Amino acid sequence: MKSVSCTGASYLAPFVEVVTQDGSSYRYGKVTPEHTREILLRHFKPVKLSSRVKASVLNLLERIVEEPYAEPVIRFPSDIRDSPQINYFESQKRIATEYAGEMSPLDISDYIAHRGFDAFKQCLLKLTPEDIISCIRKSGLRGRGGAGYPTWQKWLAVRSASGDVKFVIGNGDEGDPGAFMDRIIMESSPFRVIEGMLIAGRAVGAQHGILYIRNEYPLALHRMSEAIEICRKHGLLGPNILGSDMSFDLKIVEGGGAFVCGEETALITAIEGKRPMPGLRPPYPAESGLYGKPTLVNNVETFAVIPWILLHGADNFASSGTATSKGTKTFALAGKIRYGGLIEVPMGITLREIIFKIGGGIQNNKQLKAVLIGGPSGGCLPASLIDIPVDYEALTAYGAMMGSGGMVVLDETDCMVEIARYFMNFIQRESCGRCVPCRIGTRRMLELLEQLCAGKGSESTVAELERTALAVKKASLCGLGKTAPNPVLTTLRYFRDEYIAHTKGHCPAGRCKALITYYITDDCIGCTRCAQRCPADAIEIRPHQKHEIDTTKCTRCDTCRQVCPVGAVLIKKRNA
Ligand code: SF4
Ligand code: SF4
């Protein structure tokens, strides 16, 4: 029995997989301690007859006593081919998350048994740095952190830069709300990340590696630190690695969780102990990066992919994906999706396949309205575009972007103006303030969106919002500012009618609090639940009588609607 790396199936956690001696696999989701005996007895029969009888009797007694209260275990045998869970797992292609749910994260012998460090040894003993870069070039790998810059070009630039001291930085800061790709990769495959950084160090001629990990990721920090220590003990980090002339060591720098650190020059200033702010380019980090030395910055997912490419071949990697976007990409599937979690899929897959085949569709049988792809500065694509392929160029053409891989699914109950306001609220707080267009522009966009959500905007508010968004996109210094208007611009592009409705005091989705009121219908049975739970004392307790909401006190928190057993609490949209 062993605890293993994350399977990515967050919606099934806690998750148990039983692999029997003949190799058959049986998966169990949402397992509780009470389920474990039953699961084990299903697969591992006690040898002695007396033990078998005892186990059966105990099991029966437990069922009689506990069955009415216990949640049934959800069982997903892998031989049910049409099960949604099988779709979830088998529609994916694992490269960065290879061996998810199979290996113990900190067991180096387990990693080595799965050909761990073979790619690095090959790079160290058989390939020249130029061979390595050429292999990465052939694979078509583009940076997985957001910008999608060809990885080999960065590597070659650092390789070609003059200087005895060079750095490799792994960006594990992951600032997008709702995204957890990098966290899972670092928690699940710390040796894989280290191996990718070792290969990069060998290719570019660096001696020092730094992993920048946000301090809100304690498990990732712990596992990466432990893995680094283990590698040092095995001679895989430090001076003269495996007896060669290569010396390379890694250290971890804890980040404070700033979204702007997704921008590599800001990340570098943070590592130098300064306030993270993007710098003007050129010079690029490849020429003058950390402490003025040539520096390679890649996302941890990019590093996790590298060993696979070296081991399985560039052509093999490039055989997945589209003409310009090769290989696979991880996504954090969140929002109103039925089966959320971390997935890894081939580039070029459609949003429809991700949302409906892997994700099982929309929760509570609601309709898909939009999908926000690319994090808080990504774009909202409407349901009508779910057949476009997921690749860098296609997403950009429709106003979204790959980003680092956050994917938030929205349903018919979501208000697109409110969604734009929510993400603008995040982005304007994360603006580092260095350049005026981003510092002032994001603040102004938020004010305009707040006016619209409050029903205080007019058509000129919408026009000013659009003008400001275009100006911020054009004039901002770094990627944060240039992409900050994306949610506004895409919601304006695809959901302009919702903006216009807000200028008339109407929120079509019934989400903007200033534009709705709650009321109770004659279906009320007087159970008093809503009155007991209302945090604003807006409902008087009147047992067995129809209840009423005092709209002057109601804060529209939605609690009463959620607790009402007969659906008697409804929302009235203003100016409907
Ligand atoms: S929406 Fe919230 S504040 Fe308003 S009546 Fe219901 S429980 Fe009370
Ligand atoms: S919870 Fe529903 S049924 Fe119960 S008193 Fe409130 S409105 Fe009436």
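Everything below is about the structure shown above.
Residues numbered from 1 in each chain as written. Chains lettered and ligands numbered in written order. Predicted model: local features only at pLDDT ≥ 70, side-chain atom pairs only at ≥ 80, totals over all residues. Heavy atoms only, no water.

1. So, helix H5 (residues 118-125)
Then comes step 1: Within H5 the residues assigned to the buried category are Ala119, Phe120, Cys123 and Leu124. Projected down its long axis, H5 shows its buried positions confined to an angular sector of 135°, all on one face.
Then comes step 2: In the core, the buried residues of H5 are packed alongside helix H6 (129-139), helix H9 (190-204) and helix H12 (300-312). (Buried < 20%, exposed > 50% of the residue type's maximum accessible area, 1.4 Å probe, protein only. Helix = DSSP H or I, 4+ residues; strand = E, 2+ residues; numbered from the N terminus. Arc of directions from axis to C-beta. Contact = heavy atoms within 4.5 Å.)

2. Comments concerning the sheet that holds strand S10 (residues 368-373)
Then comes step 1: Read across the sheet, five strands follow the order S9-S8-S12-S10-S11 without closing on themselves; strand pairing throughout is mixed. Among the strands making up the open sheet, the edge pair consists of strand S9 (341-346) and strand S11 (379-382). With direction set aside, neighbouring strand axes in the sheet form an average angle of 30°. (Pairing = 2+ DSSP bridges. Axes fitted to C-alpha atoms, helices over the stretch in contact; angles between N-to-C directions.)

3. A word on the pairing of strand S2 (residues 25-29)
Then comes step 1: Extensive coverage of S2 is indicated by the burial of four of its five residues.
Then comes step 2: The antiparallel pairing of strand S1 (residues 16-19) with S2 creates a hairpin that spans five residues between the two strands, and Gly23 there sits at a positive phi of about 90°.

4. Focus on the packing of aromatic side chains
Then comes step 1: Counted under the stated rule, the structure contains eleven aromatic pairs.
Then comes step 2: Each member of the aromatic cluster is reached from another via a ring pair, and the members are Tyr11, Phe15, Tyr88, Phe89 and Tyr339.
Then comes step 3: The side chain of Arg27 reaches across the aromatic face of Phe89, ending 4.4 Å from its centre.
Then comes step 4: Positioned above the aromatic ring of Tyr217, the side-chain terminus of Arg183 is 5.9 Å from the ring centre. (Phe/Tyr/Trp six-rings, centres within 6.5 Å; stacked < 30°, edge-to-face > 60°. Lys NZ or Arg CZ within 6 Å of the ring centre and 35° of its normal.)

5. Topic: the packing of helix H17 (residues 436-453) against helix H21 (residues 496-503)
Then comes step 1: At a minimum axis distance of 8 Å, the contact between H17 and H21 shows a crossing angle of 65°. Relative to H21, H17 is oriented roughly perpendicular. Contacts between H17 and H21 involve Leu449, Leu452 and Cys453 from the first element and Tyr499, His502 and Thr503 from the second.
Then comes step 2: For the contact of H17 with H21, the per-class residue count stands at four nonpolar, two polar and no charged. (Parallel < 35°, antiparallel > 145°, perpendicular 65-115°, else oblique. Nonpolar A, V, L, I, M, F, W, Y, C, P; charged D, E, K, R; others polar.)

6. Observations concerning the sheet that holds strand S5 (residues 208-214)
Then comes step 1: Spatial ordering of the open sheet is given by S6-S5-S4-S7, a layout of four strands whose pairing is parallel. Each end of this open sheet is capped by a strand with a single partner; those strands are strand S6 (249-255) and strand S7 (295-299). Taking the axes of each pair of neighbouring strands and ignoring which way they run, one obtains an average angle of 20° across the sheet.
Then comes step 2: As paired elements, S5 and S6 share seven bridges and run parallel to each other. Across the sheet, residue His208 finds its bridge partner in S6, namely Asp249.

7. A closer look at the nonpolar core
Then comes step 1: Membership of the largest hydrophobic core comes to 59 residues, with the highest contact counts inside it found for Trp155, Val168, Ile194, Leu198, Ile199, Phe248 and Leu310.
Then comes step 2: Counting residues per element, this core draws most heavily on H9, at nine residues.
Then comes step 3: Those residues within four positions of Phe248 in sequence are excluded, and the remaining contacts are Val168, Met197, Leu198, Gly201, Ala206, Gln207, His208, Gly209, Leu237, Gly238 and Ile241.
Then comes step 4: One finds Phe89, Tyr339, Ile354 and Ile362 within the second-largest nonpolar core, a separate group that totals 32 residues. (Core = buried A, V, L, I, M, F, W, Y, C linked by side-chain atoms within 4.5 Å.)

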